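Fold and contact review
The lines below spell out each chain.
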Amino acid sequence: MEPQLFKYIWKHSKKDQVRILFLVLASMPFYFLSLDLPKSIINKAVNSENFAGFNSTLPFMRFELPFGEEIFGRTVILFEGFDLSQLVLLLALCLSFLSLVLVNGVFKFVINTLKGRLGERMLRRLRYELADRILRFPVLHSRRIKQAEIATMIKDEVEPLGGFIGDSIVTPFFLGGQALTAMIFIMVQSFWLGLVAMSIVLVQAFVIPKLRKRILTLGRQRQITARALAGRVSELVGGAVEIQAHDTSNFERAEISHRLGKIFKIRYEIYQRKFFVKFLNNLLAQITPFIFYLGGGYLVITGQFEIGTLVAVLAAYKDLPPPVKDLINWDQQRNDVQIKYEQVVEQFQPMGMIDPDKQVLEEGNNEVLKGDVVASSLTLIDESENKLLDGVSFSFGVNQRVAVVGNASSGKEYLGLLLANLVKSTSGSVKISDKSLDQLPSAITGRRLSYVGQDAYLFPLSVMDNLFYGLRNWMVNDSPHDPATKDEALRDKQEAARTGNTILNPMGEWVDYKSAGIDDPVQLVPRVTDVLRNVDLEEDVYRFGLSGIVDIESRPDIAESILGAREALKEHLKSIGAEDLVNAFDPESYNKNATLRENLLFGTPRNSDYAGDRLLAMPILREAVDEAELRDSIYNMGLSIARTMVELFTGLPPTHPFFEQFSFISADDLPEFDMIVKRADKSSFSDISKSDREALMHLPFDYVEARHRLGLVTDEVEVKILNARKLLAKKLEERDPEAVEFYDPERFNSAASIQDNILFGRLAYGRAEAGETIGHVMTELLDDLGLRSDVIEVGLSYNVGVGGNRLSAVQRQKLALARALIKKPDLLILNEAAAVMDSQSQNKLVPSIMEAQGEQGIVWTLQRAELSRHFQYIIVMQNGRIVESGTYNELNVEGKVLKSLIAAE
Amino acid sequence: MSIEQEVEALKNIPLFANIEPSRLKLMAFASERLIFKAGQELFHQGDAGDAAYIFIDGDADVIVDTDDGPLVVANFGKNEFVGEIAILCDVPRTATIKAKSELTTLKITKELFFNMVMDFPEMGVEVMRVLAHRIDKTTSQLTEARNAISEKS
């Protein structure tokens, strides 16, 4: 990138800058005229001396050739103009003034809009270029940088550049032009007054930047400290576990406070200096009018100067300080953004950036890698001159299965990175089918090779999108739907191209299913399932599916089948005499294994206002309860619960685990409820205060008759609750029909999970092994009905969360392996990819991945040397060198390193 | 069946006979009621023990694995308390318990049991008393058995 901001700006925006400049120049005469007009109004139109009588006239809009007398010896009149009387002239001049104001305003509007657009375009270009550079960072560099810092750079630090770039060239011209116009105007009126004004401007222009030097240095420090603060703040989040586990929060507080203190000091000093400069600036600017009033006034009094001229000089001078001030500000801003630019660009030029040509978009990737992988004297030296790899040479066929073993300091990890072309060797080379690896474009290395490291990253997308992430190499087809119209799409593309951005549409089709061996959409789920099975993730995704929600719009067939499964489950449980394990939802009866809340709402809330405790505050629920005359019953239930809780828990220490586990009332609230119960027992219902009643009525909503067994839901209460349920449903349907999806035995519940839809009820409390039995039966049933792949399909839409945090570490790694496998790479490079798994899982995984890779090759740097028995060829490393290589049988003998490595496990 | 009935059942168990009803209610409330179908096992000999069971209704066989296969050594019914040895001294289950009819139990987890004993020492004393009685009974049975053997020989 250009080291100088101005060079960068000029290189990418000269056309636009010139265009705007032209407009600015075009606006200048109008601006000058608008300055001249007030003088004409006063001197010509208002001053009666010019008019001998009422009918006298003066010419209006008469143009003389400037300096005509000097050149031709006589006045050259270009346009005779109109002769107008005094009042008409006044009107004409004032109207001209108004129209000039209008013209100037329109110029300003157009120029500012163009500048804004130019600035935003340049900002887009700059941000894109920086992001592009991140994509070309060598991975070892990416590991070292703090994400938050680099993110603030692109997001915040370059932002002021956008505002400035539009002004960078135009403003000095515009303001300079304005200042110059004002200056010339003053000069024309009075040479000496002009000279005074000019000399003071020169003093300003010389002194102020000097004073601002220190401010610039401080500005640089401010930027660096703020960036470091962003990095530290992200550490507070990233290191949350360690901070809390080691109780270092106070140290962290001190650290943050120290940083903030430093930033405060810097910023405070900036303010002090900035306002001092401002003060000085204002002072200098006010000295000029002081001289004008004094000197000009003297000249008028002594009759050497017309009063109109003095007014015009003062009016022109009014226009001089603002542009000068703005010019000085512009210069300050220029320095400021130049520093920002340098500081940012500096961070984006690491050593060993990937050549952009290597990442050029390429469609074809059919060039299958064949032949041998040959490494010759590979050496890798890190920044602190450590030899991570030292003269490593080997050769094996691309389709072979190779294990690399060695302890943690053996350098095997770096060998894996080198083979995947993620790290460049300091010397030596790796060649695949006689082509040097670092000369190959990413279209080959990134597609024909597949790499999984120890701690693979997942994007916060669905399982499916993560799985196919590795096949988003180029845009297969543009999207016809997004953006909505062709014109808009075209405009977007032109705009992108104008700022050097890519014109590819991320909403288009990107996944190259053919490379994954999927030629037809119907093959998608089976193929994905196969790969998931290879990495032992199928069962997990199946579970995600069970607790996932079916999109009924796109898959009405799944919904239909699941309704079938609901029926089948009921039949099956009946046939094995286990129907009592599930208490099904029946609109006509109270479900004793569900909470009171659930029995009232009798559906799954779609609108979160109806979920959890928020439901209790909904007026619609209160109305239904009142109409069903359930209020007193709920109150009595609450009172019973409170009484029982007070009886059971009084006397237990507040920290007792029972409070957490069993009580409806927290330890803190217990004394309060004790009082409420005592008050309630003493007085009749009507005397109970409203707040007491509210408190008691909140208690029973989580009450589950079968679990808590307080015998509160009597037959009579049941009837009322069922009535309230019906009333509530009716009201909801009238007022907020989308809010709740009701339990209906005949219908699929689109707001509930697959599992809940099949079960359609609650597991009965107190039935031994109910959960296990039902889980087992459900799985069997779904298999029998051929729904397994549908459930998996739903599971594939499970979002893995930020960095995959909704998956376990092992699941994350398995998904990453699946992502590498589905590409069908010619060579799969696994860099301790199974390290997070236990040995049993590793033992299972290695042969399974081998089988999935089929005829294609694998290089696996193993965490456990023992696993190398599955491989055809083994490379044993120590301290960055290869100490031995061969087959398992050759190396697993006394005296060989492999044997000792296995023995050490 | 409501919690009051469970309290009644608990009162009839000698181990809890002398404990205040409100404590028993807390225990009943905090424990899970678990129903086993005829033929279902509560636990199996050799399993790690995590809970004891109080029989509220129904009965179960106590089965010990022998070289000749499983052998029913006893039948427990209402108000019986089983599985307490495993939770008191962390030994594997000494026998298998299998429901003979539909069996309603209160499951007292190890955690709950120890919490109760800690908070209400009178319960601990009661447990000691019951266990002491059992040792006394076992000792006298042992003496009887010895005498019987020495008489035979």
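This one's a predicted model, so the numbers in the text were calculated from it and none came from an experiment. (Residues numbered from 1 in each chain as written. Chains lettered and ligands numbered in written order. Predicted model: local features only at pLDDT ≥ 70, side-chain atom pairs only at ≥ 80, totals over all residues. Heavy atoms only, no water.)

**A few points about the overall build of chain B**
Counting secondary structure elements, chain B contains 5 helices and 8 strands. In sequence order, the secondary structure elements of chain B are arranged as α-α-β-β-β-β-β-β-α-β-β-α-α. For chain B, whose C-alpha radius of gyration is 17 Å, the value lies close to the compact-globule estimate of 15 Å for 153 residues. With respect to the principal axes defined by its C-alpha atoms, chain B has extents near 55 × 35 × 25 Å. Considering only contacts in chain B between residues 6 or more positions apart, those separated by 24 or more positions represent 73%. Surface exposure of chain B reaches about 8,100 Å², of which carbon and sulfur atoms provide 54%. In chain B, 16 side chains carry a positive charge and 25 a negative one; their mean positions are 2 Å apart. (Helix = DSSP H or I, 4+ residues; strand = E, 2+ residues; numbered from the N terminus. Rg over C-alpha atoms; globule rule 2.2 N^0.38 Å. Contact = heavy atoms within 4.5 Å. Areas by Shrake-Rupley, 256 points an atom, 1.4 Å probe, with all protein chains shown as cover. Lys, Arg positive; Asp, Glu negative; His and termini not counted. Charge placed at Lys NZ, Arg CZ, Asp CG, Glu CD.)

**Description of the overall build of chain A**
A tally of helices and strands in chain A yields 35 helices and 18 strands. Relative to its length of 905 residues, chain A is extended, with a C-alpha radius of gyration of 40 Å against a globular reference of 29 Å. Here chain A, with 905 residues, has 47% of them falling under the buried criterion. Approximately 46,000 Å² of chain A is accessible, and the part contributed by carbon and sulfur atoms is 56%. Looking at charge distribution, chain A has the averaged site of its 101 positive side-chain charges lying 8 Å from that of its 118 negative ones. (Buried < 20%, exposed > 50% of the residue type's maximum accessible area, 1.4 Å probe, protein only.)

**Description of empty space enclosed by the protein**
One simple way to see leftover space: roll a probe sized like a water molecule over the atoms. Residues and elements named next belong to chain A. Using the criterion set out here, one finds 9 cavities of 30 Å³ or more in the structure. Taken as a whole, the largest cavity encloses approximately 140 Å³ of empty space. Looking at the largest cavity, the residues that line it are Leu 616, Leu 621, Arg 622, Val 625, Arg 631, Ile 634, Glu 694, Met 697, His 698 and Phe 701. Counting residues per element, the ones that place at least two in the lining of the largest cavity are helix H22 (619-627), helix H23 (631-649) and helix H26 (690-698). For the lining of the largest cavity, the per-class residue count stands at 6 nonpolar, 1 polar and 3 charged. Its boundaries defined by the atoms lining it, the second largest cavity holds a volume of some 80 Å³. Counting residues per element, the lining of the second largest cavity draws most heavily on strand E8 (residues 427-432), which supplies 3 residues. (1 Å grid on protein atoms, 1.4 Å probe; cavity = no way out; pocket = protein on both sides within 12 Å on 5 of 7 lines; lining within 4 Å. Points joined across faces, edges and corners; volume = space filled by probe spheres on them. Nonpolar A, V, L, I, M, F, W, Y, C, P; charged D, E, K, R; others polar.)

**Looking at the packing of aromatic side chains**
Taken as a whole, this structure holds 25 aromatic pairs over all chains when the rule is applied. Ring pairing ties together the aromatic residues Phe585(A), Phe602(A), Tyr743(A) and Phe760(A), which thus form one cluster. The side chain of Arg93(B) reaches across the aromatic face of Phe43(B), ending 3.8 Å from its centre. (Phe/Tyr/Trp six-rings, centres within 6.5 Å; stacked < 30°, edge-to-face > 60°. Lys NZ or Arg CZ within 6 Å of the ring centre and 35° of its normal.)

**Looking at the interface of chain A and chain B**
Where interface size is given, it is often the accessible area lost as the parts come together that is meant. On the chain B side, the residues contacting the 25 residues of chain A number 27 residues. Of the roughly 2,000 Å² buried between chain A and chain B, counting both surfaces, carbon and sulfur atoms make up 56%. It is Leu648(A), Phe658(A) and Arg709(A) in chain A that bury the most area against chain B; as a group they hold 35% of the surface buried on that side. The tally of links from chain A across to chain B stands at 3 salt bridges. The partner of Lys37(B) in a salt bridge is Asp580(A), with the nearest N and O atoms 3.0 Å apart. Inspection of the chain A/chain B interface yields 6 residue pairs in polar contact (both at pLDDT 80 or more). Residue assignment for the side of chain A that touches chain B shows that the elements contributing at least two residues are H23 and helix H24 (657-662) of chain A. For the side of chain A that touches chain B, the element with the highest residue contribution is H23(A), accounting for 5 residues. Among the residues making up the side of chain A that touches chain B, the classes are represented as 12 nonpolar, 8 polar and 5 charged. (Buried area = accessible area lost by both parts, 1.4 Å probe. Salt bridge = Lys/Arg side-chain N within 4 Å of Asp/Glu carboxyl O. Polar contact = N/O pair within 3.5 Å; in protein donor to acceptor, adjacent residues only side chain to side chain.)

**Observations regarding helix H2 (residues 21-30) of chain B**
The element H2(B) is extensively covered by neighbouring structure, given that 9 of its 10 residues are classed as buried. Taken together, the buried positions of H2(B) are Ser22(B), Arg23(B), Leu24(B), Lys25(B), Leu26(B), Met27(B), Ala28(B), Phe29(B) and Ala30(B).

**Observations regarding the domain arrangement of chain A**
All names here are of chain A. If you check the domain split of chain A, you get domain 1 (5-347), domain 2 (372-457 + 823-903), domain 3 (475-509), domain 4 (549-587 + 747-796) and domain 5 (605-742). Centre-to-centre, using C-alpha coordinates, domain 1 lies 37 Å away from domain 3. Opposite the 4 residues of domain 1 that make contact, domain 3 presents 7 residues. Roughly 660 Å² of surface becomes buried between domain 1 and domain 3 when both sides are summed, with 44% attributable to carbon and sulfur atoms. Contact with domain 3 buries surface across domain 1, with Arg 121, Arg 124 and Tyr 128 losing the most and accounting together for 80% of the total. There are 1 salt bridge connecting domain 1 and domain 3. The salt bridge involving Arg 121 is made with Glu 495; its shortest N-O contact spans 2.6 Å. (Domains from an automatic or database assignment.)

**Looking at the sheet that holds E8(A)**
Residues and elements named next belong to chain A. The strand order across the open sheet built from 4 strands is E6-E5-E8-E9, with neighbouring strands paired in antiparallel fashion. Of all strands in the sheet, those bounded by a partner on one side alone are strand E6 (387-397) and strand E9 (435-436). Relative to E6, strand E5 (residues 372-381) runs antiparallel, the two sharing 7 bridges. Bridge pairing in E6 links Val 374 to Ser 395. In this fold helix H13 (residues 412-419) packs onto E5, E6 and E8, with an angle of close to 55° to the strand it touches most, E6. (Pairing = 2+ DSSP bridges. Axes fitted to C-alpha atoms, helices over the stretch in contact; angles between N-to-C directions.)

**Looking at the packing of helix H17 (residues 524-534) of chain A against helix H31 (residues 788-796) of chain A**
Working note: a packed helix pair is described by the angle between its axes plus the distance between those axes. All names here are of chain A. Viewed as axis vectors pointing N to C, H17 and H31 meet at an angle of 75°, and their least axial separation amounts to 10 Å. In this view, H17 runs roughly perpendicular relative to H31, as classed from their interaxial angle. Note on element contacts: H31 touches H17 through Ser 789, Ile 792, Glu 793 and Leu 796, opposite Val 525, Val 528, Thr 529 and Leu 532. A per-class count over the contact of H17 with H31 returns 5 nonpolar, 2 polar and 1 charged. (Parallel < 35°, antiparallel > 145°, perpendicular 65-115°, else oblique.)

**Re the environment of Val402(A)**
Residues and elements named next belong to chain A. Position of Val 402 relative to the elements: it lies in strand E7 (residues 401-405). Classification of Val 402 by relative accessible area gives buried; the value is 0%. On a C-alpha basis, the gap between Val 402 and Gly 886 in space is 9.7 Å, while along the polypeptide they are 484 residues apart. Once you skip the residues sitting within four places of it in the chain, Val 402 turns out to touch Phe 396, Ile 858, Val 859, Trp 860, Phe 871, Tyr 873 and Ile 875.

**Remarks on the sheet that holds strand E2 (residues 41-43) of chain B**
Residue and element names in this part refer to chain B. Taken in spatial order, the 4 strands of this open sheet run E2-E7-E4-E5, and their pairing is antiparallel. Bordering the open sheet on either side are E2 and strand E5 (69-76), each of which pairs with just one other strand. The average undirected angle you get between the axes of adjacent strands in this sheet is 30°. In this structure, strand E4 (residues 60-66) lies alongside strand E7 (residues 96-99), joined through 4 bridges in antiparallel fashion. In the sheet register, Asp 61 faces E7, and the bridge partner there is Lys 98.

**Details of the packing of helix H7 (residues 170-189) of chain A against helix H11 (residues 307-318) of chain A**
Residue and element names in this part refer to chain A. The N-to-C vectors of H7 and H11 enclose an angle of 160°; their axes lie 9 Å apart at closest approach. When the interaxial angle is binned, H7 and H11 end up roughly antiparallel. At the point where H7 passes H11, the crossing takes the left-handed sense. Contact with H7, carried on its side by Ala 182, Phe 185, Ile 186 and Gln 189, involves Thr 309, Ala 312, Val 313, Ala 316 and Tyr 317 of H11 and no other residues of that element. When the residues that make up the contact of H7 with H11 are grouped by side-chain class, the tally is 7 nonpolar, 2 polar and no charged. (Left-handed = near helix turned anticlockwise from the far one by under 90°.)

**Observations regarding a positive patch on the surface**
The grouping of Arg267(A), Lys274(A), Lys278(A) and Lys325(A) at the surface amounts to a positive patch. Its location among the elements puts Arg267(A) in helix H10 (residues 249-301). (Patch = residues over 30% accessible without salt bridge, like charges linked within 9 Å, V, L, I, M, F, W, Y side chains within 5 Å.)

**Describing the pattern of salt bridges**
This model, assessed by the stated rule, comprises 66 salt bridges over all chains. Of the charged contacts, one joins Arg334(A) and Asp331(A) as a salt bridge, the two residues approaching to 3.1 Å between their closest N and O atoms. Highlighted residues: Arg334(A) and Asp331(A), both in helix H12 (residues 321-347), separated by 3 residues, approximately one helical turn. Among the ionic pairs, Glu6(B) bridges to Arg709(A), the shortest N-O distance being 2.7 Å. Placement of the pair is Glu6(B) in helix H1 (residues 3-11) and Arg709(A) in the loop between helix H27 (705-708) and helix H28 (715-735), with the two residues belonging to separate chains. Residue class for Glu6(B) comes out buried when judged on its relative accessible area of 0%. Given a relative accessible area of 3%, Arg709(A) falls into the buried group. Connected through salt bridges with shared partners, the residues Asp530(A), Arg533(A), Glu538(A), Glu539(A), Arg543(A), Asp783(A) and Arg788(A) form a single ionic network.

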